[in-house]
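Geometric and topological summary
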Amino acid sequence: AVYDLASGQQPLEILAEEGPEEVRRLTHAFNMLVERLNSSEESRRRLLANMVHELGRPLGAMLSALQALRSGADQQIELRHELLEGMESEVVLLQRLLDDLTHLDQGFGQMELQRQSVSLSDWLHTTLQTWSKAADEKKLLWQVEISEDLPRVIMDPERMAQALGNLVGNAIHYTPRGGKVAIRAGRQDNQLLIAVEDSGPGISIEEQEQIFQPFFRGKSARRFSDGMGLGLPIARDLVE
């Protein structure tokens, strides 16, 4: 079995852990290695498949917009503005994808944070401004409640914006048109609370812990073709 492993043969099967103690311990170690390799290979395949889709959709949208502009749409001011605005949105999506992949490459829990003193109220208004526009385009009821007595905090504003953006982005994406997305920020039990709520399909109890595993996508998320299953793991990792 070890020779098969070394030569790259697939699939590798779990061995029966029997015989003298030394052999059982060695077999157990081998089985653990096989399980990790199989899990790693499955994650690699899912990552590659998701990357192809995630890169393909915005690139296809930008190509269509470019072709329209070259075909004369650039002569119509409103249409040109609309197409360029759409292309800018797709570039933002690609940038977020690169941020997620960078975080994955650096390893969960190993990223250095650039902490600084931040006015939380100002930071929230600035961070949520972009998402407010996305919610408006989807005809969602957008509610923001930010307490006036929020303190200054020591944090990495860009990374925390990424964590909050992953939550808000999910809320907007999975909430049906005409639904509601609400963000609240304030003090609770001598702690700071930032809450994101939506009227989307929600997440079942049995999936609520699994959703923080990289590449896992719940039943509700699987109804939508996009998404790599990295947003929530990254958000929790950054917060921790």
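Right above here is the structure, for reference.
Overview of the structure. (Residues numbered from 1 in each chain as written. Predicted model: local features only at pLDDT ≥ 70, side-chain atom pairs only at ≥ 80, totals over all residues. Heavy atoms only, no water.)

1. Let's talk about unusual backbone geometry
Of note, K139 is a non-glycine position whose phi angle comes to about 60 degrees, a positive value. Inspection of the secondary structure assignment puts K139 in the loop between α4 (120-137) and β2 (141-146). Non-glycine residue D189 carries a positive phi angle of around 55 degrees. (Helix = DSSP H or I, 4+ residues; strand = E, 2+ residues; numbered from the N terminus.)

2. Thoughts on the pattern of salt bridges
Going through the model one piece at a time under the given rule, you end up with three salt bridges. With a shortest N-O distance of 2.8 Å, R184 and E197 are connected by a salt bridge. One end of the pair, R184, is in strand β4 (residues 180-188); the other, E197, is in strand β5 (residues 191-198), and 13 residues separate them in sequence. Looking at E197, the relative accessible area reads 39%, which means it is partly exposed. (Salt bridge = Lys/Arg side-chain N within 4 Å of Asp/Glu carboxyl O. Buried < 20%, exposed > 50% of the residue type's maximum accessible area, 1.4 Å probe, protein only.)

3. Some points on the nonpolar core
Counting residues in hydrophobic clusters, the biggest one holds 19 residues, and the most contacted among them are L120, W123, L124, V168 and I172. In terms of residue count, α4 provides more of this core than any other element does, six residues in total. Once you skip the residues sitting within four places of it in the chain, V168 turns out to touch L128, W131, W142, I183 and V196. Core analysis: the second largest hydrophobic core is formed by seven residues, A73, L83, M87 and L94 among them. (Core = buried A, V, L, I, M, F, W, Y, C linked by side-chain atoms within 4.5 Å. Contact = heavy atoms within 4.5 Å.)

Functional significance is not addressed by these values, which are geometric in nature.
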